[in-house]
Amino acid sequence: AQSVAQPEDQVNVAEGNPLTVKCTYSVSGNPYLFWYVQYPNRGLQFLLKYITGDNLVKGSYGFEAEFNKSQTSFHLKKPSALVSDSALYFCAVTQRHSGNTPLVFGKGTRLSVIA
Amino acid sequence: GAVVSQHPSWVICKSGTSVKIECRSLDFQATTMFWYRQFPKQSLMLMATSNEGSKATYEQGVEKDKFLINHASLTLSTLTVTSAHPEDSSFYICSARDRAWAGTSGQGEQFFGPGTRLTVL
């Protein structure tokens, strides 16, 4: 079974400081990993994904994430946070074997960037 | 990028009525669409996987007779909440995967609709 853990319900960071939103996963095979962001009463917006290749993945809005196979982690990072980054962030995983497998989401982490 | 729309964006209905939610992929064809439900301050829970031209696959605990899913074309899937009750009030989100990834060992990302807020009085 696949699962995703986001250990922090809430992350607070000052504007301009680096931010990290943690994610660990569990799959039986090789994972496909995703980060999505959700603003109030909106659907999910895709930020980035890891499929294969370089462990450091760069995505939208200056976000990046590092795939660490030994630690089964895929933490989301940004060097300098903006107030507009305040939102709900979801990590998701699926197992590589077909194109029709659904995503399994973590519970979400609310990021609050304080001016 | 790929766009998925949902209609309506919000709906208020009386208990006992049925509500239909549409999910459309606007600039790509989607063999597979997914329907999720999200309660306040909680994660997305997969309800069902909708495959064009075949019956939907429902997750355990989801009543298929209550949540009717139809995927009649490569760009449209509908979710009908039949005989809605207040406990069905939730945020319903659909997603679609580009047909180009279907049947491959690859994994394109899912594109999500903006969601539909259902309130049952």
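Above this note sits the structure.
The model shown is predicted, which means the values in this text are computed figures rather than measured ones.

Trainee: Can you help me understand the state of the cysteines in this one?
Mentor: In a disulfide, the sulfur atoms of two cysteines are covalently bonded to one another. A full pass over the atoms with the stated rule returns 2 disulfides over all chains. In this model, Cys 23 of chain A is linked to Cys 91 of chain A through a disulfide, with the two sulfur atoms separated by 2.0 Å. Because the torsion about its S-S bond is -60°, the bridge between Cys 23 of chain A and Cys 91 of chain A counts as left-handed. Of this pair, Cys 23 of chain A sits in the loop between strand 3 (19-21) and strand 4 (24-26) while Cys 91 of chain A sits in strand 10 (residues 87-95), placing them 68 residues apart in sequence. Note on accessibility: Cys 23 of chain A and Cys 91 of chain A belong to one class, buried. Residue Cys 23 of chain B pairs covalently with Cys 94 of chain B via a disulfide, S to S 2.0 Å. As the torsion about the S-S bond is roughly 80°, the Cys 23 of chain B-Cys 94 of chain B disulfide counts as right-handed. Taken together, the residues Cys 23 of chain B in strand 3 (residues 19-25) and Cys 94 of chain B in strand 9 (residues 90-98) connect sequence positions 71 residues apart. We note that Cys 23 of chain B, like Cys 94 of chain B, is buried.

How each quantity is defined
Residues numbered from 1 in each chain as written. Chains lettered and ligands numbered in written order. Predicted model: local features only at pLDDT ≥ 70, side-chain atom pairs only at ≥ 80, totals over all residues. Heavy atoms only, no water. Disulfide = S-S within 2.5 Å. Helix = DSSP H or I, 4+ residues; strand = E, 2+ residues; numbered from the N terminus. Buried < 20%, exposed > 50% of the residue type's maximum accessible area, 1.4 Å probe, protein only.

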